[in-house]
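Spelled out, the chains give:
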Amino acid sequence: MSSEQLLKLGIPKGSLQDATINLFAKSGWKIGLHHRNYFPDINDETMKCSLCRAQEMAVYVEDGTLDVGLTGKDWILENESDVVVVSDLVYSKVSNRPARWILAVSNESPYKRPEDLAGKKISTELENFTRKYFEQAGIPVEVEFSWGATEAKVVEGLCDAIVEVTETGTTIRAHGLRIIAELLQTNTQLIANKAAWEDPWKRAKIEQMNTLLQGALRAEKLVGLKMNVPHDRVDTVMELLPSLNAPTVAHLHNSDWTSVEIVVEESVVRDLIPQLQAQGAEGIIEYPLNKVI
Ligand SMILES: Nc1ncnc2c1ncn2[C@@H]1O[C@H](COP(=O)(O)OP(=O)(O)OP(=O)(O)O)[C@@H](O)[C@H]1O
Ligand SMILES: O=P(O)(O)OC[C@H]1O[C@H](OP(=O)(O)OP(=O)(O)O)[C@H](O)[C@@H]1O
Ligand SMILES: [Mg+2]
């Protein structure tokens, strides 16, 4: 194997680490972490894996230290990194929804709109992006860098507002804060170094990885359903099934029954199964999917 045939992959250490490693496992790449070691094993001899802070990932991908990596859109924008965004992979720390960077103030404060913060102090980890946001809005504010636990700073009176990331809203609520604006929606993105993207072998490898990651992510929301339906009820059952994926219909040998198979959103199954039963469907099985491509 020549040295070119090695893809250097960056896995985000921190909030996105577990979700990312789980997604890679479903995609076919087992990443094994070792205590206090930032170079995890990966079951692909053409790949070298490094743990890297989400905040710095785009910098290392841009300069070629890494060929490809995963990080939030927020940190790519913050660093103004010149990288290829291969795809959006919409997952966060605990959910498969985007996270939001919001402007929040104390519930008791009088501030209602970003303009009300003119001349005030704003604390954030996303310093550059926040500064640009207020500059473009023509609102003069003081932006102060925060190393974390930013929500506490409004409560302690160390600043007038914060720009923070929120996913479930738990931390905002726990500190009695009020959101007055949304600055950015962010999700994980797969990014590549520009030269790596022009290298045919690396590009093919990155595209393969992207297809499988996307397939694994899509499969998380979907399940397979299989059931037997009497011939004369098939049309009625079809009307119940979401039209997203055309069902597979197979006639059972020497029988008045038909086998119907479909992929549906897991969230609809709870309501769908009783309706299918009411229409005479039997032997209904639901199964998880690893990938949907
Ligand atoms: N619930 C969440 N909390 C924090 N970050 C999240 C969450 N969900 C997704 N992210 C994303 O994870 C990435 C890394 O988050 P962040 O910058 O807070 O670093 P971290 O890994 O949480 O480390 P730290 O402990 O320094 O905060 C960001 O792109 C952020 O948008
Ligand atoms: O809306 P929620 O689901 O509550 O998530 C938002 C919180 O999660 C992150 O904290 P993190 O765990 O990264 O710790 P940090 O304060 O050190 O950044 C973020 O900085 C918020 O504090
Ligand atoms: Mg954090």
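Cut-off values and rules
All residue numbers here refer to positions counted from 1 along the written sequence of the relevant chain. Labels are handed out in written order, letters beginning with A for the chains and numbers beginning with 1 for the ligands. Since the coordinates come from a predicted model, pLDDT governs what is reported: local features require at least 70, and pairs of side-chain atoms require 80 or more to be given and counted, while whole-chain, interface and lining totals use all residues. Side-chain numbers here rest on the full set of heavy atoms in the structure, without hydrogens or water. UniProt positions are given in the numbering used here, feature names are shortened, and annotations may be inferred rather than shown by experiment. Here a residue counts as near a molecule or strand whenever at least one of its heavy atoms sits within 4 Å of it. What qualifies as a polar contact is a pair of N or O atoms within 3.5 Å, subject to a donor-acceptor requirement within protein and to the restriction that residues adjacent in sequence count only when both atoms come from side chains. Where accessible areas are quoted, they stem from the Shrake-Rupley method and a 1.4 Å probe; at the residue level, only the protein chains shown are allowed to cover. A helix here means a DSSP run of H or I that spans at least four residues, while a strand means a run of E at least two residues long, and both kinds are numbered starting from the N terminus. Side-chain classes follow a simple rule in which Ala, Val, Leu, Ile, Met, Phe, Trp, Tyr, Cys and Pro form the nonpolar group, Asp, Glu, Lys and Arg form the charged group, and the remainder, Gly included, forms the polar group. Being paired, for any two strands, means DSSP has found at least two bridges between them. The axes used here are C-alpha line fits, helices contributing only the stretch in contact, and every angle between their N-to-C directions lies in the interval 0 to 180 degrees.

In the nomenclature of an unreviewed UniProt entry, the protein chain corresponds to ATP phosphoribosyltransferase from the organism Desulfohalobium retbaense. In the Function (unreviewed entry) part of its UniProt record, the protein chain is described as follows: "Catalyzes the condensation of ATP and 5-phosphoribose 1-diphosphate to form N'-(5'-phosphoribosyl)-ATP (PR-ATP). Has a crucial role in the pathway because the rate of histidine biosynthesis seems to be controlled primarily by regulation of HisG enzymatic activity." For the record of the protein chain, the UniProt heading Subcellular location (unreviewed entry) holds the text "Cytoplasm".

> Where do I start with the site of ligand 2 in this structure?
As a structural note, the neighbourhood of ligand 2 is formed by 13 residues, with Lys93, Glu151, Glu167, Thr168 and Thr171 the closest of them. The contact in question runs from an oxygen atom of ligand 2 to an N or O atom on the side chain of serine 15, over 3.4 Å. Take threonine 171: an N or O atom from its side chain is 2.5 Å from an oxygen atom of ligand 2. For ligand 2, whose free accessible area comes to 490 Å², the fraction covered by protein is 67%. Broken down by secondary-structure element, the contributors of at least two residues to the shell around ligand 2 are strand E10 (161–166) and helix H6 (170–174). Looking at the shell around ligand 2, the element that brings in the most residues is E10, giving 3 residues. Each residue belonging to the shell around ligand 2 can be placed in one class, and the counts come to 2 nonpolar, 6 polar and 5 charged.

> Where do I start with the site of ligand 1 in this structure?
Within the structure, ligand 1 sits among 15 residues, and Ser15, Arg53, Asp74, Trp75 and Glu167 are positioned closest to it. Separating an oxygen atom of ligand 1 from a side-chain N or O atom of serine 15 is a distance of 2.4 Å. Measuring from a nitrogen atom of ligand 1, one finds a side-chain N or O atom of glutamate 167 at 2.6 Å. Out of a free accessible area of 580 Å², ligand 1 has 78% covered by protein chains. At the level of elements, helix H2 (54–62) and helix H3 (73–79) are the ones that each hand at least two residues to the shell around ligand 1. Of the residues contributing to the shell around ligand 1, the split by class is 4 nonpolar, 6 polar and 5 charged.

> Whenever I open this one, the sheet that holds strand E13 (residues 222–230) confuses me. Can you help?
Across the sheet, which stays open at both edges, the 4 strands sit in the order E14-E15-E13-E16 with antiparallel pairing between neighbours. The sheet is open, and its two borders are formed by strand E14 (248–251) and strand E16 (282–288), each paired with just one other strand. Within this sheet the neighbouring strands show an average axis-to-axis angle of 15 degrees, counted without direction. Two elements, E13 and strand E15 (residues 257–265), share 9 bridges in a ladder whose sense is antiparallel. Bridge pairing in E15 places asparagine 228 opposite serine 259.

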